[in-house]
Amino acid sequence: MQFGIFTVGDVTPDPTTGRGPTEHERITATVAIAQKAEEVGLDVFATGEHHNPPFVPSSPTTLLGFLAGRTERLILSTSTTLITTNDPVKIAEDFSVLQHLAEGRVDIMLGRGNTGPVYPWFGKDIRAAISLTVENYELLRALWDSEVVDWSGKYRTPLQGFTLAPRPLDEVAPFVWHAAIRTPEVAELAAFYGDGFFANHIFWPSSHTERMVALYRERFAHYGHGTQEQAIVGLGGQVFVRPNSQDAIREFRPYFDNAPVYGHGPSLEEFTAQTPLTVGSPQEVIDKTLSFRAYVGDYQRQLFLVDHAGLPLKTVLEQLDLLGEHVIPVLRKEFAVGRPVDVPDAPTHATQVAAARRAETEEAQS
């Protein structure tokens, strides 16, 4: 399995001091967080894409390209890239360049986006979100998979004799995750192409995530990509960890109560009981994370949100130290116990290249 962190890049005042970071401070803090993630032994850093205040990651590939030069091992990803409002040609170009800069340490997570005003800002209609997702991804795949693309569709101008430059590194596109909170059509799209499915898994109860992942696995097998158990699944989650649970709850409570996405609603205790949010000791984080396998099966990637709601950089870096020293090593060991041999490992550029070469050899021999 791969373990990592993702950020939504919110600029939120610290409720304990009343001070919020500047945009510059938030961006530079994100770089420090990613570097710390590699230092403590995590596998993945992923950034969201937002085009409205109070968020800063409007250009994810710019950030990830900078991080490619500041890291050596970390897989760099988005969480998510907006497949609805971005031009597929520009997505293909940006990620091809990023692949080359990062020597393949890149994948991409695609999503519809859930901020209504963003659609008209980019000349799109949110009522067409699903059909935009399907059409734009069809074009994106064609750009990566074909040397010369002739294409026409409903939502952008046609392409005639277009060649992507640069081509993907080793002629292998980044691995694609399709992310959704509540949209079964996205799970269907991921299954149709044999791509990965990433369940956000933060705000909803486990029963909802269980249904979404089960749908994806069933359809993945239906389309002939392998067994249900061989489908590629990733989960999100949020944690706040301290050496003992009482300190974790006491320290995190003001951040939870004032968080822009879930503050002023259910209590911290209600939210942690009903969702994957875990606030407590390292052992509590371990136990709850291991419980995810009971309802989604063996999966490939676990990403945690650790920097949301105004948490100061010092606290976030301490979270990463605790995860790296006390949580992730145990999760790696425990998730490996009883894992069937036919369950795929998490995808990497190297495994994708090897699979492509095997397919070429088999085709030549047939």
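Structure shown above.
Quick notes on the rules
Residues numbered from 1 in each chain as written. Predicted model: local features only at pLDDT ≥ 70, side-chain atom pairs only at ≥ 80, totals over all residues. Heavy atoms only, no water. Salt bridge = Lys/Arg side-chain N within 4 Å of Asp/Glu carboxyl O. Helix = DSSP H or I, 4+ residues; strand = E, 2+ residues; numbered from the N terminus. Buried < 20%, exposed > 50% of the residue type's maximum accessible area, 1.4 Å probe, protein only. Patch = residues over 30% accessible without salt bridge, like charges linked within 9 Å, V, L, I, M, F, W, Y side chains within 5 Å. Areas by Shrake-Rupley, 256 points an atom, 1.4 Å probe, with all protein chains shown as cover. Contact = heavy atoms within 4.5 Å. Axes fitted to C-alpha atoms, helices over the stretch in contact; angles between N-to-C directions. Parallel < 35°, antiparallel > 145°, perpendicular 65-115°, else oblique. Left-handed = near helix turned anticlockwise from the far one by under 90°. Nonpolar A, V, L, I, M, F, W, Y, C, P; charged D, E, K, R; others polar.

### Quick look at the pattern of salt bridges
Going through the model one piece at a time under the given rule, you end up with 24 salt bridges. Between Arg339 and Asp298 there is a salt bridge whose closest N-O contact spans 4.0 Å. Residue Arg339 is found in the loop between helix H12 (313-336) and helix H13 (349-365), and its partner Asp298 is found in the loop between helix H11 (293-296) and strand E13 (301-305); the two are separated by 41 residues along the sequence. Residue class for Asp298 comes out buried when judged on its relative accessible area of 15%. Residues participating in the shared-partner salt-bridge network are Arg242, Glu251, Lys314 and Glu318.

### So, a nonpolar patch on the surface
A surface patch of nonpolar side chains, amounting to about 260 Å² of accessible area, comprises Phe203, Trp204 and Val261. On the secondary structure map, Val261 appears in the loop between helix H8 (245-258) and helix H9 (268-274).

### Some remarks on helix H6 (residues 184-193)
Because each turn of an α-helix spans 3.6 residues, side chains separated by three or four positions in sequence point in the same direction. Every buried residue belonging to H6 is among Val186, Ala187, Leu189, Ala190 and Ala191, and all of these are buried. Taken together, the buried residues of H6 touch helix H5 (129-145), strand E8 (175-180), strand E9 (196-199) and helix H7 (206-222). Of the residues trailing H6, Gly194 is marked for its positive phi of about 75°.

### With respect to the side chain of Gln319
Mapped onto the fold, Gln319 is located in helix H12. For Gln319, a relative accessible area of 1% puts it in the buried group. The contacts of Gln319, once residues within four sequence positions are left out, are Val239, Phe240, Val241 and Arg242.

### Regarding the packing of helix H3 (residues 88-101) against H5
H5 packs onto H3 with a crossing angle of 40° between their chain directions and a minimal axis gap of 9 Å. The angle between H3 and H5 falls in the class oblique. As for the relative orientation of H3 and H5, their crossing is right-handed in sense. Facing H3, whose interface residues are Pro88, Val89, Ile91, Ala92, Phe95 and Ser96, H5 presents Asn136, Leu139, Leu140, Leu143 and Trp144. Residue classes in the contact of H3 with H5 are distributed as nine nonpolar, two polar and no charged.

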